[in-house]
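Structural features, examined
What follows is the residue order along each chain.
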Amino acid sequence: MTEYLTTPEGRRIAYNLTTGRAPYVVFCGGLKSDMEGTKALALEEWAKASGQGFLRFDYSGHGISDGAFEDGCIGDWFEDASAAIDLIDGQVVLVGSSMGGWVSLLLSRERADKVAGLVTIAGAPDFTEDGYWAGFSDDERETIMTKGRIEIPNEYVEPYVITRRLIEDGRTRLILRSPLTFPFPARILQGSADDVVTQDVAERLFAHAQGDDIQLTVVKGADHRFSDPTCLALIEKSVCDILEHIG
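First, a word on scope: everything that follows refers to the structure included in this document. (Residues numbered from 1 in each chain as written. Predicted model: local features only at pLDDT ≥ 70, side-chain atom pairs only at ≥ 80, totals over all residues. Heavy atoms only, no water.)

**So, the sheet that holds strand S1 (residues 2-6)**
If you walk across this open sheet you meet the eight strands as S1-S2-S4-S3-S5-S6-S9-S10, and the pairing is mixed. A strand with exactly one partner marks an edge of an open sheet, and here the two such strands are S1 and strand S10 (214-219). For this sheet, the mean angle separating the axes of adjacent strands, direction not counted, is 20°. Taken together, the four bridges between strand S2 (residues 12-18) and strand S4 (residues 52-57) define a ladder with antiparallel strand orientation. Opposite Thr18, over in S4, you have Phe54 as the bridge partner. (Pairing = 2+ DSSP bridges. Helix = DSSP H or I, 4+ residues; strand = E, 2+ residues; numbered from the N terminus. Axes fitted to C-alpha atoms, helices over the stretch in contact; angles between N-to-C directions.)

Take a look at the structure:
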């Protein structure tokens, strides 16, 4: 059943909580995605079948949560996710898809006490800077700085509105410019045919992160959706592997 919480910052966000065995698994979705996506629902079905606690939610400006997408930024969505995991007593295992990978990495760094394990799926840390800003022409950079926004076509959904606030806030949330330690098992999943978040991003994250139990798995031919039966089975296997390792 869908419920709502109000974050400390006053944003009202929607969530679905499946009670079960701890540690709870928490799915963090991607940019302009929602908690009704294929991966979120597949994980929820697995959790119900196995008796595992599970949480999925919509960031503000996403899905059925309040707010407008254009008003949000990485920091807001990190705060939304932080409020969501506080619904759960004890530690959680994070599963972050695309932008949700960045959010999960921020939670791992800023809320380390709450995180028992991590799975990223086509994780996109620092994409506002290394993807959008780095790829903008001088004219596009001038447009976003003077007009406050620019529209970027996307093959999966309607064009993204990229705002000056999104870019500037992203610079305060960068992951790959400073030390990053995983004191827990981490699984980095990536498709070789992903043309949205390319394989080199996963390899950079893998090389950058420090920890005793970090694995990178690349699925040849998988695209950014990472949602075919083989990929969904790998996500489930990776979560189970982490749960087994942490006991």
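**With respect to the environment of Ala233**
Within the fold, Ala233 resides in helix H8 (residues 229-246). Owing to a relative accessible area of 44%, Ala233 belongs among the partly exposed residues under this scheme. (Buried < 20%, exposed > 50% of the residue type's maximum accessible area, 1.4 Å probe, protein only.)

**Topic: the packing of aromatic side chains**
In this structure the tally under the stated criterion is eight aromatic pairs. With a centroid separation of 6.4 Å and 45° between ring planes, the pair formed by Tyr59 and Trp77 is classed as tilted. On the criterion of sequence distance, the pair formed by Tyr59 in the loop between S4 and helix H2 (74-85) and Trp77 in helix H2 is long-range, its members being 18 residues apart. Residue classification places Trp77 among the buried residues on the basis of a relative accessible area of 1%. Considering the side-chain rings of Trp102 and Phe127, the 5.3 Å spacing of their centres and the 80° angle between planes classify their relative orientation as edge-to-face. Of the two residues, Trp102 is situated in helix H3 (residues 99-110) and Phe127 in helix H4 (residues 127-135); the sequence distance between them amounts to 25 residues. (Phe/Tyr/Trp six-rings, centres within 6.5 Å; stacked < 30°, edge-to-face > 60°.)

**Examining the environment of Arg109**
Note that Arg109 resides in helix H3. Separated by 123 residues in the primary sequence, Arg109 and Leu232 place their C-alpha atoms 26 Å from one another. For Arg109, the residues in contact, after removing those within four places along its chain, are Arg173, Leu174, Ile175 and Ser178. (Contact = heavy atoms within 4.5 Å.)

**Examining the pairing of S4**
With six of its six residues buried, S4 lies for the most part within the structure. Pairing of strand S3 (residues 21-28) with S4, which is carried by four bridges, proceeds in the parallel orientation. Counterpart to Val26 in the pairing with S4 is Leu55.

**Side note on the environment of Ser98**
Tracing the chain through its elements places Ser98 in the loop between strand S5 (92-97) and H3. Judged by its relative accessible area of 12%, Ser98 falls in the buried class. In sequence terms Ser98 and Ala202 are 104 residues apart; their C-alpha atoms lie 11 Å from each other.

**A few points about the pattern of salt bridges**
Evaluation of the coordinates by the stated rule reveals 21 salt bridges. Arg187 is the partner of Asp241 in a salt bridge, and the nearest nitrogen-oxygen pair spans 2.8 Å. With Asp241 in helix H8 and Arg187 in strand S9 (residues 186-191), this residue pair connects regions lying 54 residues apart in the sequence. Each member of the pair, Asp241 together with Arg187, is buried. Three or more residues joined by partner-sharing salt bridges are found here, namely Glu9, Arg11, Asp76, Glu79, Asp80 and Arg165. (Salt bridge = Lys/Arg side-chain N within 4 Å of Asp/Glu carboxyl O.)

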